[in-house]
Every structure is written in C-alpha cells, then in structure tokens.
Amino acid sequence: MSFPKNFLWGGATAANQCEGAYKEGGRGLANVDVTPHGEQRFPVMLGKRKMLQLEEGYYYPALQGIDFYHHYKEDIALFAEMGFRTFRLSIAWSRIFPNGDDAQPNEEGLQFYENVFKECRKYGIEPLVTITHFDCPVHLIKEYGGWKNYKLVEFYKRLVTVLFTRFKGLVHYWLTFNEINIILHLPFMGAGLVFEEGEDEQKAKYLSAHHELEASAWAVKIAHETDAENRVGCMMAAGDYYPYCCMPQDIWEAKMQDRANMMFIDVQARGYYPNYAKKMFERMGLRLPLSKEDERVMREHTVDFIGFSYYSTRCITTRDDVAQTEGNAFKGTKNPYLKASEWGWQIDPLGLRTTMNTLYDRYQKPLFIVENGLGAKDELIPDGNGSFTVDDDYRIAYLREHIKAMKAAVEEDGVELWGYTPWGCIDLVSASTGEMSKRYGFIYTDLDDAGKGTFARYKKKSFAWYQKVIASNGEDLED
Ligand code: BGP
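Residues numbered from 1 in each chain as written. Predicted model: local features only at pLDDT ≥ 70, side-chain atom pairs only at ≥ 80, totals over all residues. Heavy atoms only, no water.

Q: Can you lay out the sheet that holds strand β16 (residues 417-420) for me, pointing to particular residues and giving the numbers?
A: Pairing is parallel in the closed barrel, where 8 strands are placed in the order β1-β2-β3-β4-β5-β7-β13-β16. Across the sheet, the mean angle from the axis of one strand to that of its neighbour is 30°, orientation sign disregarded. Note: strand β4 (residues 173-177) against strand β5 (residues 231-238), 3 bridges, orientation parallel. By the bridge assignment, L175 is partnered in β5 with G233. Packed onto the sheet, helix α14 (residues 393-411) meets β1 (8-12), β7 (305-310), β13 (367-371) and β16 and runs at close to 175° relative to β16. (Pairing = 2+ DSSP bridges. Helix = DSSP H or I, 4+ residues; strand = E, 2+ residues; numbered from the N terminus. Axes fitted to C-alpha atoms, helices over the stretch in contact; angles between N-to-C directions. Contact = heavy atoms within 4.5 Å.)

Q: Describe the site of the ligand, listing the residues and the values that go with them.
A: In the vicinity of the ligand there are 15 residues, among which E179, A431, S432, K438 and Y440 approach most closely. Here Q17 contributes a side-chain N or O atom positioned 2.8 Å from an oxygen atom of the ligand. Between H133 and the ligand, the recorded distance is 2.8 Å, taken from a side-chain N or O atom to an oxygen atom. A total of 380 Å² of accessible area belongs to the ligand in isolation, and the protein chains cover 98% of it. Classifying every residue of the shell around the ligand by side-chain character gives 6 nonpolar, 6 polar and 3 charged. (Near = heavy atom within 4 Å. Polar contact = N/O pair within 3.5 Å; in protein donor to acceptor, adjacent residues only side chain to side chain. Areas by Shrake-Rupley, 256 points an atom, 1.4 Å probe, with all protein chains shown as cover. Nonpolar A, V, L, I, M, F, W, Y, C, P; charged D, E, K, R; others polar.)

Q: Tell me what's going on with the confidence of the model for the protein chain, and back it up with residues and numbers.
A: Per-chain confidence: the protein chain averages 97 in pLDDT, with 100% of residues scoring 70 or above. Put simply, strand β9 (residues 324-325) is where the protein chain has its lowest mean pLDDT, 82, and β13 is where it has its highest, 99. (pLDDT = per-residue confidence, 0-100.)

Q: Account for the packing of helix α9 (residues 201-226) against helix α12 (residues 292-300), naming residues and giving values.
A: It is at 8 Å that the axes of α9 and α12 come closest, and there the two elements cross at 65°. Considering only the axes of α9 and α12, their crossing is left-handed. Seen from α9, the contacting residues are H210, L213, E214, A217, W218 and K221; seen from α12, they are E293, D294, V297 and M298. Class assignment of the residues belonging to the contact of α9 with α12 gives a composition of 5 nonpolar, 1 polar and 4 charged. (Left-handed = near helix turned anticlockwise from the far one by under 90°.)

Q: Can you break down the packing of aromatic side chains residue by residue, with the values?
A: Within this structure, the stated rule accounts for 33 aromatic pairs. Here the aromatic rings of F117 and F167 are separated by 4.9 Å at their centres, their planes lie at 85°, and the arrangement is edge-to-face. Here F117, found in helix α5 (residues 107-122), pairs with F167, found in the loop between α7 (151-166) and β4; they are 50 residues apart in sequence, far enough to count as distant. For F167, a relative accessible area of 0% corresponds to the buried category. Lying across the ring of W218, K157 places its NZ or CZ 3.6 Å from the centre. Lying over the aromatic face of Y444, R439 brings its terminal NZ or CZ to 3.9 Å of the ring centre. (Phe/Tyr/Trp six-rings, centres within 6.5 Å; stacked < 30°, edge-to-face > 60°. Buried < 20%, exposed > 50% of the residue type's maximum accessible area, 1.4 Å probe, protein only. Lys NZ or Arg CZ within 6 Å of the ring centre and 35° of its normal.)

Q: Report on unusual backbone geometry, specifying residues and quantitative values.
A: One non-glycine residue, F134, lies in the positive phi region at around 50°. Despite not being glycine, N473 has its phi angle at roughly 50°, a positive value. Within the fold, N473 resides in the segment after α15 (461-471). The exposure class of N473 is buried, given its relative accessible area of 5%.

Q: Got a sec to walk through the side chain of E371? Specific residues and values, please.
A: Within the secondary structure, E371 is located in strand β13. The class for E371 is buried, based on a relative accessible area of 4%. In this structure the side chain of E371 is engaged in a polar contact, spanning 3.0 Å, whose partner is the side chain of R88. Leave out the neighbours within four places in its chain, and E371 touches R88, H133, N178, E179, M235, F308, S309, Y310, Y311, T421 and W423.

Q: Requested: an account of α7, with residues and values cited.
A: The end-to-end C-alpha distance of α7, which contains 16 residues, comes to 23 Å, matching closely the 22 Å that a straight helix rising 1.5 Å per residue would cover. Every buried residue of α7 is accounted for by L152, V153, F155, Y156, K157, L159, V160, V162, L163 and F164. Considering only its buried residues, α7 is in contact with α4 (93-96), α5, β3 (126-132), α6 (138-144), β4 and α9. (Expected span 1.5 Å × (residues − 1).)

Here it is in structure tokens:
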C-alpha cells in the first residue's frame, strides 16, 4: 500500500467563501466582506482601492457565501458519506473577536465552531483548521493599518490562545496563515493593507509579512504548550517555477521567483531568515524590527509540517516575446506544453510530484496538500431519480492524475505526506473572481454569480468517485 493507513483524505473550504451569515452571532465586519464581485474586486484585493465598508451598488459574495453557517450539519453529513477523514475549514477572526482588539472573545462565535467541530467528530472526521484564511477584522485595518502594525501580532496571540484552549481535544491540526506568500500579490486579502499615495508598497508588504511570521511562530509555541498533540503547519501557495527555456538568465529568474515564495517557508520551517532575504531587505533599505524574545520564539518554534496548495507549476522568462497566462492570484508565462482550465490556470500533474520533492528535499518535514483542484463550469442535469447531478468527468480526470502523481512521490520518492484535501469540496465562492460559476466541488451548490438560487446541494459524479478513492485508500482511481 502506498498511502499510510491513517492518511488524511478530505476536502478544504474557507470561512469567507462559504460561511455567510456575516452579521449573525455577534460577528464583526472583515476585509473579505467588503471585497466585491466585479471590476473593483482586484483593485480592492490589491489594496489600491480603499473600500472599508459596504458601498451602494456592489454585490459582496462573502456576505452570504453558500450559507454554510446554517447548512453545516447537512454539508458535514455529505462529507462523511464520502468517507472524509479530515475537513479543512477556517475561523472567521471577527466571529471570535468582532473588532479584533476586543478584550473578551464572543461566546456565540466560539460556540458555532465548537458545534461544527463536534459535528465533524461525530463522524470521526478530524478538523484541519486554518486560523487565518484571507481574513482580518475591518476595525484592525482602520485603527491599526492591518498587519503593518506589530499590534496585530499581539491580537493574533490573543486569538490563538483562545482557540487552542477552547478547542483542546477537538482540533489537533492547525494552519497559521493561508497561502502566506500571497501577501506579495494580494496584500489587502493577505494582510489588510490599503496603500496611501506614494507609500513604499514593497516595504509595507515585507514588514507585514514579518509580523505574520512572528505571529505564526508564537502560534506554534502556544499550540504545543496548550496541547502536546497539536500539530501546526505553515501554508504556502506552491508550484515550482520552470524556466521557459534553458537560457541561463531564465534559469536564474526561475530560481529568484522560487525564492520569493519559499522565503516565507524558509523562516517558518527553519526559524530564521535566509541570507538571500537579508540581502534583499538591505537593498530595499528595510530594517525589520525583531526583539530578542520574538527572535528566540521564531528560532525555537518552527512548524511541524509543510501545508501547501497546488494548482499548477509556474513558468518564467526574461524574454518579452512570450505569451502570458492566468494563475493562482497572479499571471505568469504560458507554458506551451501544458493545457489550461477555462480560467487559464495551467494543468500539470507531474509538476505536483516535482513540487513535493522540492519541498521535501528542502525542509525534510512531512507535507500536507491542503488544496488542489480544477475550477470549472458545471451543468446541472436530472439524475433520473427526481434529483440533479453533474457529469464532471473533467474534474475526475484532473484529480485522478494529481493523485497518481502524489502517489508516485510517496511510493517511489519516499516523500512523507500526511493528507490530501482538495479545494472547494463543496462549490463555494471563488477567491479570485468572486464567482460561483468557477466550481471545484464534489457537491454542487445551487447558486449563481449574482448569489441567486435555492442553496440546495446535489452530488456530482465525482462524489461517488472520490468516495471510492478514499474507501480504497487511493488504490482505486477508476470511474
Ligand atoms: C487559493 C485560496 C483559496 C481558493 C483557491 C482557488 O488561492 O487559498 O481560497 O479560492 O485558491 O482559487 P479561486 O477561488 O480563485 O479559483
């Protein structure tokens, strides 16, 4: 058998893309709530268009998500039916601390997550909890400027202390910051940054990243002290860079791009900044404040495992005569050897094996694939039994090839892998576009891009397929 018996098969979601109920249970407003659908979405996510409240004339998809807040029992029952051993979800910070800096947590918010975790445990599902998934209370942005401010490290410590204490025994697997490297590309999403005219954006991003890295190390420390069984991981938007061609300049450029992403994980997994990062900060004229105590915490409390998302490899060139394509959060060079999804994200199963080997060689820590999948348009059709379904063979094909690649990494290369949670196991709002029509799920959610629909859930063809994959522990990948 290639996968260990206790391999954590499951699926992944995030609060801001599925919970909804933004005003219920004493919850405060968050950056993700005020990120609209439509042409202002990217400027807002980039921190270029200041929108810190709900404005007239915009549709904000996070406000209702897929209403997981009220459907969680039904959804978890469906995950259990597929055989999930783990379910990745995130905490909405403003449900626990509505303003972020409140002295006391909001009991209703804590109770909601306790109910969700207990519902998972009822079926033997191990929750995998992202503490921060593109999520920051708006009050922390208005009052403190988001993660640029060291105060956020203190508020985050308060948050994690409450979470680890309250959910001791209910949750053992934690991720500190979703796709921490995405702060460089979507700084409002990643760190609540809104830039002022003339502000040095690079410096602001790296200072915020530094605070998140400090906060992440504190989370590891507090998690281990609270419960020795806690396992804490980092979370990187991964995917190796390929040089477009064998020109030495392209090889160098690919290495530089990989470093830009890996720097975060270098710190979280090794406990200190690599020299290339220190040199970069020197060139930028950036002096990162680091107290002796924070430095020690960073050094001594590195992550237990390397969590990462993988949708595709990336490609880069120094040439200017080559086409570009879309990708997770940012564009890149089009790789002529790869096909792409309807949204231009390239598809590269072997690249997953390559990326896994890169990460394992570099960090020598267990890996956890906490996102992977194909965003595609689905057509709802009658299932012959009075309900509906989707014939999503394209999704099955994508996942099958990626599972084969991950299996090869485990079986043939000896990479240690704890689990696999494909993204959007139930259709939810797209992070990049705010659409519902970019679907990843095994379960169809009846909602359209304008948020209209019945919220009904339907099993797609991939539902039964994934159920079989899990039941056979990854051995049976056929339809
Ligand atoms: C990652 C995010 C997720 C998720 C996924 C798919 O970047 O962690 O939140 O949404 O990508 O991206 P999208 O929803 O843009 O298709």
